[in-house]
Every structure is written in structure tokens, then in C-alpha cells.
Amino acid sequence: MYTTDRLKQIRKEQGYTIYEMARMLGITPSFYSQIENKRRRLFYDTACLIAQIFNMKPDEIFYLDKEVITK
């Protein structure tokens, strides 16, 4: 699983919309959607804010699956 797939999964599990996430992060919904759809790079500071919103540690959300590393 790619990190952006996990990001989308956790967002949905926690009941947040793209619009809510974007508002809390201070970015546009379009920009947030592009992060989830692998069209925008996710920067460290944004990743930390996302983890804070989800009440999780960044490494609980953003990890590399072994499958990704071997490709």
C-alpha cells in the first residue's frame, strides 16, 4: 500500500472529508486531493500536521510497504 492510499483510508475511517482536511491544513481542497491522488508532493510539515489531526504519529500513517521498496 502506498502512503497516499493509507492517508485516504485513515481520513475516511476518521470521518473527514477532503474539504475538512484542507481547511484544517490551511490549503485548498484541490491541493489536498492532489496529495491523495499522487499528483502533489507531501512535505514533511504537512505530514506532521496531518498526523496531529488524526491523533497519530507520522510513522503510523506514512510508511513504505515492503512491496514498494522492492519495485
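Before any of the text, the structure's been laid out above.
Structural notes, computed from the coordinates. (Residues numbered from 1 in each chain as written. Predicted model: local features only at pLDDT ≥ 70, side-chain atom pairs only at ≥ 80, totals over all residues. Heavy atoms only, no water.)

1. A short note on the packing of helix 2 (residues 18-25) against helix 3 (residues 29-36)
Relative orientation and spacing of two packed helices are given, respectively, by the angle between their axes and the distance between those axes.
Turning to step 1, where the next piece is worked out: Relative orientation of the contacting elements helix 2 and helix 3 amounts to 110°, with a least axis distance of 8 Å. Taken together, helix 2 and helix 3 sit at an angle that is classed as roughly perpendicular. Contacts between helix 2 and helix 3 pair Ile 18, Tyr 19, Met 21, Ala 22 and Leu 25 from the former with Pro 29, Tyr 32, Ser 33 and Glu 36 from the latter.
Turning to step 2, where the next piece is worked out: Residues of the contact of helix 2 with helix 3, tallied by class, amount to seven nonpolar, one polar and one charged. (Axes fitted to C-alpha atoms, helices over the stretch in contact; angles between N-to-C directions. Helix = DSSP H or I, 4+ residues; strand = E, 2+ residues; numbered from the N terminus. Parallel < 35°, antiparallel > 145°, perpendicular 65-115°, else oblique. Contact = heavy atoms within 4.5 Å. Nonpolar A, V, L, I, M, F, W, Y, C, P; charged D, E, K, R; others polar.)

2. Topic: the packing of helix 2 against helix 4 (residues 44-53)
Turning to step 1, where the next piece is worked out: Where helix 2 contacts helix 4, the axes come no closer than 10 Å and their chain directions differ by 115°. Crossing angle aside, the handedness with which helix 2 passes helix 4 is right-handed. Of the residues in helix 4, those in contact with Met 21, Met 24 and Leu 25 of helix 2 are Thr 46, Leu 49, Ile 50 and Ile 53.
Turning to step 2, where the next piece is worked out: Looking at the contact of helix 2 with helix 4 residue by residue, the classes come out as six nonpolar, one polar and no charged. (Left-handed = near helix turned anticlockwise from the far one by under 90°.)

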